[in-house]
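A closer look at the structure
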Amino acid sequence: MTDILSLSYSELENQIVSELSEKKFRAKQIYDWLHIKKVTSFEEMTNLSASLRLKLSGVFYIKRLNIVRKLESGIDNTVKYLYRLDDGNIVESVVMEYSFGLSICVSTQIGCRMGCDFCASTIAGFVRNLTPSEILQQKYEAERELGKKISRVVLMGIGEPLDNYENILKFIRIVSASESDGISQRHITLSTCGIVPRIYELADEELSINLAVSLHSSSDEARNRIMPVNRTYNLEKLMDACRYYTKKTGRRITFEYAVIENVNSSVDDALRLSKLIKGMISHINLIGVNTVKERSYSSSQAHVEQFKNSLVKLGVNATVRRKLGADIDAACGQLRREFEKSRGDTSEDSQ
C-alpha cells in the first residue's frame, strides 16, 4: 500500500496510469480532493465512480493524525496540538495568529538527535523521521479542526529538518505546488541548527524558502557546550555555508539566538556576533531561552532587551521575537515531553 499524501502530483499521475490503468486527468481530481478539499477517505471523493474509489483503496491509503490534546492560549490565540501517529508515536505543532493570518510551526522528526542542551525536544532522544504526509497532515488537521486556512509554515518544531532532508524537500514541494495547497515558498521557513553540507545542498535546490539558522552563540567554546553539532561543523564552516547560501539564493538568513544569562549574552558575545555576520544579508532574531525542567538555563525579558541594545549599538539588525503561547508552554517539545512522562508514569503505576 502506498502513502498517497506523500506523492507529488507527477508521481500520483504516473501511478494512476500504470497501477490503475486510468486516464491522467483522474490524478487532478484526486489531488484536488486530497490537497484542496482535504478529505480523509476515498469515499468522500464523490465525483469518482464507486469502482475507482474501491481501486484506490486497494492500492493507496490516506494517512491521518489523531488529536490527543489541544491547548489554547488565553493571551494571544495560539493553539498547540499534540498528535498521535499511526504507530502510536506522539508529535506536536503550534498554530500562531498574526496580522497577516495563521502560521503553523510543524515538527519534522519524532524526537531529535542533535542534542542541543537547552532544548526539550532532544531530551527523550530520537525515534524516527516523519514522512512528507505526516508533516503535511499537521497543517491539514489543524485547518480542519480550526475551520481556517493556514497561510505560512515554519519547520521549527520537534526535530532537525535537514536531518530529514529528502522528506522535508518533498513536503515543501508538495505543499507549495500549484496543484496542491499552493503556499508560496516565500511563506515557508526552514530552521536548522547548522548541518553544513545540507545548507550547501539546500542552496542549490532552487527554492525560494526562508532559512533560519539556530546560532545561539558567537564562540566555538560556548557553542560546543550547548550545541554538539558545532563540534562537527564549527562557526567558521557554518558561516562559510551561510554566505554561500545568501550569495546563491539572494535571500536573507535569519539567525535565531536564544539569550542565556551567563552563557552567551555578554558585551563580548555581542561584539563577536557582530563580526561573525559582518557583510552578510542577515537578521538576528532574539528570544529568551525557554524554561526546561531538566535544565537550569534562564533569561529575563530585560536581559534579552539589554543584549539587543548592545547589538544595535554595533550596527546589527536585531529584534526580539514576540513570545507566543507562553501560558500553554508553546515552545517545541514541551507538551510532548510532559505527555510522554505522564504516559510513562501511568504505565509504571499500573504494574
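Above this text sits the structure in question.
This section reports on the structure supplied with the text. (Residues numbered from 1 in each chain as written. Predicted model: local features only at pLDDT ≥ 70, side-chain atom pairs only at ≥ 80, totals over all residues. Heavy atoms only, no water.)

**Brief notes about the side chain of Glu160**
- Examined against the element boundaries, Glu160 turns out to sit in the loop between strand 9 (150-155) and helix 5 (165-175).
- Notably, Glu160 is buried but unbridged: the nearest opposite-charge side chain belongs to Arg223, and the N-O separation is 8.4 Å.
- There is a polar contact of 2.9 Å between the side chain of Glu160 and the side chain of Thr192.
- Glu160 has contacts with Thr108, Gln109, Cys112, Met114, Ser191, Thr192, Cys193 and Ile195, leaving out every residue within four places of it along the chain. (Helix = DSSP H or I, 4+ residues; strand = E, 2+ residues; numbered from the N terminus. Buried < 20%, exposed > 50% of the residue type's maximum accessible area, 1.4 Å probe, protein only. Lys, Arg positive; Asp, Glu negative; His and termini not counted. Salt bridge = Lys/Arg side-chain N within 4 Å of Asp/Glu carboxyl O. Polar contact = N/O pair within 3.5 Å; in protein donor to acceptor, adjacent residues only side chain to side chain. Contact = heavy atoms within 4.5 Å.)

**A look at the packing of helix 1 (residues 9-18) against helix 2 (residues 25-35)**
- Close contact between helix 1 and helix 2 brings their axes to 8 Å; oriented N to C, the two are set at 130 degrees. By the angle between their axes, helix 1 is oblique relative to helix 2. Note that helix 1 runs across helix 2; the crossing there is right-handed. Across the interface between the two elements, Tyr9, Leu12, Glu13 and Ile16 from helix 1 touch Arg26, Ala27, Lys28, Ile30 and Tyr31 from helix 2. (Axes fitted to C-alpha atoms, helices over the stretch in contact; angles between N-to-C directions. Parallel < 35°, antiparallel > 145°, perpendicular 65-115°, else oblique. Left-handed = near helix turned anticlockwise from the far one by under 90°.)

**Remarks on the packing of aromatic side chains**
- Considering all chains together, one arrives at five aromatic pairs under this definition.
- Measuring from ring centre to ring centre gives 5.7 Å for Tyr81 and Tyr83, while their planes differ by 15 degrees; the resulting arrangement is stacked.
- For Tyr83, a relative accessible area of 0% corresponds to the buried category.
- Between Tyr200 and Tyr244, the aromatic rings sit 5.1 Å apart at their centres with planes inclined by 50 degrees, giving tilted as the arrangement. With Tyr200 in helix 6 (residues 196-203) and Tyr244 in helix 8 (residues 235-249), this residue pair connects regions lying 44 residues apart in the sequence.
- Relative accessible area serves as the criterion here: at 29%, Tyr200 is assigned to the partly exposed category.
- It is Lys37 that lies over the ring of Trp33; its NZ or CZ is 4.7 Å from the centre.
- Lying across the ring of Phe100, Arg152 places its NZ or CZ 4.0 Å from the centre. (Phe/Tyr/Trp six-rings, centres within 6.5 Å; stacked < 30°, edge-to-face > 60°. Lys NZ or Arg CZ within 6 Å of the ring centre and 35° of its normal.)

**Details of the pattern of salt bridges**
- Taken as a whole and judged by the stated rule, the model has 25 salt bridges.
- One salt bridge connects Glu43 with Arg53, and the closest N-O pair in it is separated by 3.8 Å. Taken together, the residues span a long stretch of sequence, with Glu43 in the loop between helix 2 and helix 3 (50-59) and Arg53 in helix 3 at a distance of 10 residues.
- A relative accessible area of 56% places Glu43 in the exposed class.
- Two residues, Lys63 and Glu134, come together in a salt bridge whose shortest N-O distance is 3.7 Å. Of the two residues, Lys63 is situated in the loop between strand 2 (60-61) and strand 3 (66-72) and Glu134 in helix 4 (residues 132-146); the sequence distance between them amounts to 71 residues. Residue Lys63 shares its accessibility class with Glu134, and that shared class is buried.

**Digging into the nonpolar core**
- In terms of nonpolar packing, the biggest core is built from 97 residues, with Met45, Leu56, Phe60, Leu202, Phe255 and Ile284 touching the most fellow members.
- Among the elements that line this core, the one with the most residues is helix 5, at seven residues.
- Those residues in contact with Ile284 that sit more than four places away from it in its chain are Phe255, Tyr257, Leu273, Ile277, Leu311, Val316, Asn317, Ala318 and Thr319. (Core = buried A, V, L, I, M, F, W, Y, C linked by side-chain atoms within 4.5 Å.)

**As for the pairing of strand 6 (residues 101-106)**
- Burial within strand 6 is extensive, with five of its six residues counted as buried.
- Across five bridges, the pairing between strand 6 and strand 9 is parallel. Looking at strand 9, one finds that Val106 is bridged to Leu155. (Pairing = 2+ DSSP bridges.)

**Observations concerning the side chain of Ser103**
- Within the fold, Ser103 resides in strand 6.
- If sequence neighbours within four positions are ignored, Ser103 has contacts with Val94, Val95, Met96, Tyr98, Ile150, Arg152 and Val154.

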